[in-house]
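Results of the structural survey
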Amino acid sequence: RALARLVAEEAAAAAGGERGRFTLGLSGGSLVELLSRELPLALREAPPEAEPAKWVVAFCDERLVPAEHPDSTYGAYRVRRAGGRGWGCGQDTPPRC
């Protein structure tokens, strides 16, 4: 939970700042399940500036594979869709994918 809260806090600070956006690189593995479960909860408690519509997300894949491939980080997040609840702002996939 602490990681998800930290992401939400950093998102609020960055998106509320001069550039008006938050940039985040996401890796796969166990992080997919953790963030899919915890991030929507953290975003509900975060300031409005943390809104995922202001995020730019980069998926850090080790290899170039289609999104449908089991090794695709983007595909893993897309399948999880944050536990089926979206990313906190009515989006089915992470922001600006």
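Nothing here was measured: the structure is a model prediction, and the numbers come from that model. Residue positions are given per chain, counted from 1 along the sequence in the order it is written. Two thresholds apply to this predicted model, a pLDDT of at least 70 for residue-level local features and 80 or more for giving and counting side-chain atom pairs, whereas whole-chain, interface and lining totals are computed over all residues. To obtain the side-chain values, all non-hydrogen atoms of the structure were used and water was disregarded.

Let's shift gears to the overall build of the protein chain. Looking only at helices and strands, the protein chain has 3 helices and 2 strands in total. Under the DSSP-based scheme used, a helix requires at least four consecutive residues in state H or I and a strand at least two consecutive residues in state E, with every element numbered from the N terminus. Beginning at the N terminus, the succession of helices and strands in the protein chain can be written as α-β-α-β-α. The burial tally for the protein chain puts 35% of its 97 residues in the buried class. For the protein chain, restricting intrachain contacts to residue pairs at least 6 apart in sequence, the fraction spanning at least 24 positions comes to 67%. Note that accessible areas follow from Shrake-Rupley with a 1.4 Å probe, and for residues the cover is restricted to the protein chains shown. As displayed, the protein chain offers around 5,600 Å² of accessible surface, 50% of which is attributable to carbon and sulfur atoms. The buried label goes to any residue with under 20% of its type's maximum accessible area, the exposed label to any with over 50%, and the partly exposed label to all in between, with areas taken from a 1.4 Å probe on protein chains only. Working rule for contacts: check all heavy atoms of both residues, and any pair within 4.5 Å makes them a contact.

A few words on the side chain of Glu38. Take Glu38: it is sitting in helix α2 (residues 30-45). Ignoring any residue separated from it by four or fewer positions in sequence, one finds Glu38 in contact with Arg1 and Ala4.

To continue, consider the pairing of strand β2 (residues 55-59). Side chains on a regular strand alternate between the two faces of the sheet. The side-chain alternation of β2 yields one buried face, formed by Trp55, Val57 and Phe59, and one unburied face, formed by Val56 and Ala58. Taken together, the 5 bridges between strand β1 (residues 22-26) and β2 define a ladder with parallel strand orientation. Counterpart to Thr23 in the pairing with β2 is Val56. A clockwise path from the first strand over the helix to the second, with the strands pointing away from the viewer, defines a right-handed crossover. Tracing the backbone out of β1, into α2 and back to the parallel element β2 gives a crossover that is right-handed. In this analysis, strands are considered paired if DSSP registers two or more bridges between them.

Time to look at the nonpolar core. As used in this record, nonpolar core signifies buried Ala, Val, Leu, Ile, Met, Phe, Trp, Tyr and Cys residues forming a set joined through side-chain atoms within 4.5 Å. Formed by 20 residues in total, the largest nonpolar core has its most connected members in Leu26, Leu39, Trp55 and Tyr77. Within the residue set of this core, elements represented by two or more residues are α1 (2-15), β1, α2 and β2. Counting residues per element, this core draws most heavily on α2, at 6 residues.

Honestly, it's all geometry; don't read function into it.
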